[in-house]
Amino acid sequence: SMTLTVRQFACLSDNYGFLIRDEATGMVAAVDTPDAEAILAEIEASGWGRLDLILNTHWHPDHTGGNERLKAETGCEIVGPDEVRRAAPLDRVVVDGDVVMLGGTRFEVVLSPGHTLGHVVYRAVEDDLAFVGDVIFALGCGRLFEGSPEQMWDSLNRIAAWPETTTLYCAHEYTASNARFALSLDERPEMLAHAQAIFAARERGEPTVPTSVGVERRFNPFLRAADAAAFAARRAAKDDFKG
């Protein structure tokens, strides 16, 4: 399609909300629902005047908390993995390999377990972008609340295999703390320069999201782990990191 417009906005303490519009049809989706009030305000500010779909990545309340109110106020259809029902209403269950259409924009559903067992990401191949929830972050990855290190390693490697130009919209602004951890493992001058640019952006109040597959392949310490065992050690080290 190449006609997808993305509006990214801060929600809660460190989440990002995303409103996306298929320009061919005017159809609008929210990716995850951290805060119904913020999303309704963004719909108003956008002038788009509607909400057709919610695309949930996983069940955690900071991703599904607005489902009920947004459904009540807009009549939107709620799409996501079955686990969303643990926390919120869900209309359509999607699994790995399913396709979700937003007007003319085609999203492929990619199962990405690790952070939760049913976590999915939504990839628009033609638009060279994906909404990755809490699987991969700029310089980071999600905590292993439900899955194994092997599962998360596989999920990260599925994403890393996409074209380097693929834009990754992750759901949290964790990049500065992720950069401090990355610097503890990686002394390359280009890593330091990348981290310094991130710290400067945050000082200016600018988002460090989205990122790209190419940038994360170069700098993300979890993608740069040698294998699943090394990944597991890094994830455990990050959980305890006080830098």
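As a reminder, the structure under discussion sits directly above these lines.
I will try to describe carefully the structure that is included in this document. Sequence positions are assigned chain by chain, starting from 1 and proceeding in written order. Only residues with pLDDT of at least 70 get local features here, since the model is predicted, and only at 80 or more are side-chain atom pairs given and counted; chain-wide, interface and lining totals rely on the full set of residues. With hydrogens and water set aside, each side-chain value is computed from the structure's full complement of heavy atoms.

**Some details on the side chain of H58**
What counts, and what does not: Working definition: helices are DSSP H or I runs of at least four residues, strands are E runs of at least two. Numbering for both runs from the N terminus. Between buried and exposed lies partly exposed: a residue is buried under 20% and exposed over 50% of the maximum accessible area for its type, with that area taken using a 1.4 Å probe on protein chains only. For the purposes of these results, a polar contact is taken to be a pair of N or O atoms within 3.5 Å, where, inside protein, one atom must be able to donate a hydrogen and its partner to accept one; residues adjacent in sequence count only when each atom of the pair is a side-chain atom. Two residues qualify as a contact provided that any one of their heavy atoms is within 4.5 Å of a heavy atom in the partner residue.
The topology assignment puts H58 in the loop between β4 (53-55) and α2 (61-64). For H58, a relative accessible area of 0% gives the class buried. Within the local environment of H58, its side chain forms a polar contact with the side chain of H60, the two groups lying 3.3 Å apart. A polar contact is formed between the side chain of H58 and the side chain of H119, at a distance of 3.4 Å. Apart from residues lying up to four places away in sequence, H58 is in contact with D32, H63, T64, P81, E83, V84, H115, T116, H119 and D134.

**Quick word on the sheet that holds strand β7 (residues 99-102)**
The strands that make up a sheet pair up through hydrogen bonds in the backbone, lying either parallel or antiparallel. Counted only if it meets this: Note on pairing: two strands pair once DSSP finds at least 2 bridges between them.
Spatial strand order, β7-β8-β9-β10-β13-β14: 6 strands in an open sheet with mixed pairing. Each end of this open sheet is capped by a strand with a single partner; those strands are β7 and β14 (211-212). As paired elements, strand β10 (residues 129-133) and strand β13 (residues 167-170) share 4 bridges and run parallel to each other. Looking across to β13, one finds that L129 is bridged to T167.

**Re helix α1 (residues 36-46)**
Every buried residue of α1 is listed here: A36, A38, I39, L40, E42, I43 and S46. Next to the buried residues of α1 lie β1 (4-11), β2 (15-22), β3 (28-31) and α3 (67-74). Immediately beyond the C-terminal end of α1, within one or two residues, lies G47, with a positive phi of roughly 75°.

**Quick notes on the pairing of β10**
In terms of burial, β10 is largely enclosed, as 5 of its 5 residues are buried. Residue alternation in β10 divides its side chains into two sets, L129, F131 and G133 and A130 and V132, and both sets are buried.

**Comments concerning the packing of helix α5 (residues 175-185) against helix α8 (residues 228-240)**
To be explicit about the condition: For helices, the axis comes from a line fit to the C-alpha atoms of the stretch in contact; other axes are also lines fit to C-alpha atoms, and the angle between any two N-to-C directions lies between 0 and 180 degrees. Working rule for angles: under 35 degrees goes down as roughly parallel, over 145 as roughly antiparallel, 65 to 115 as roughly perpendicular, anything else as oblique. Take the far helix as your reference; a near helix turned counterclockwise from it by less than a right angle gives a left-handed crossing, and one turned clockwise gives a right-handed crossing. Here the nonpolar group is Ala, Val, Leu, Ile, Met, Phe, Trp, Tyr, Cys and Pro; Asp, Glu, Lys and Arg are the charged ones; every other residue, Gly included, is treated as polar.
It is the contact of α5 with α8, at a shortest axis distance of 11 Å, that shows an interaxial angle of 125°. Relative to α8, the element α5 lies oblique. The two elements α5 and α8 meet at a crossing, and its hand is right-handed. Each of S177, N178, F181 and L185 in α5 lies in contact with α8, whose residues at this interface are R234, A237 and K238. Looking at side-chain class alone, the contact of α5 with α8 contains 3 nonpolar, 2 polar and 2 charged residues.

**Observations regarding empty space enclosed by the protein**
Note the cut-off: Buriedness of a pocket was judged along seven lines, with at least five required to meet protein on both sides within 12 Å; pockets are open sets of points on a 1 Å grid over the protein atoms alone, cavities are sets where a 1.4 Å probe fits but cannot get out, and lining residues have an atom within 4 Å of a point. Grid points are joined across faces, edges and corners, and a volume is the space filled by probe spheres set on the points.
On inspection of all chains with the given rule, the structure shows 1 cavity of 30 Å³ or more. Space inside the largest cavity adds up to approximately 40 Å³. In terms of lining, the largest cavity is formed by Y16, F18, V31, D32, T57, F131, G133, Y169, C170 and A171. At the level of secondary structure, the elements contributing two or more residues to the lining of the largest cavity comprise β2, β10 and β13. Along the lines of polarity and charge, the residues of the lining of the largest cavity split into 7 nonpolar, 2 polar and 1 charged.

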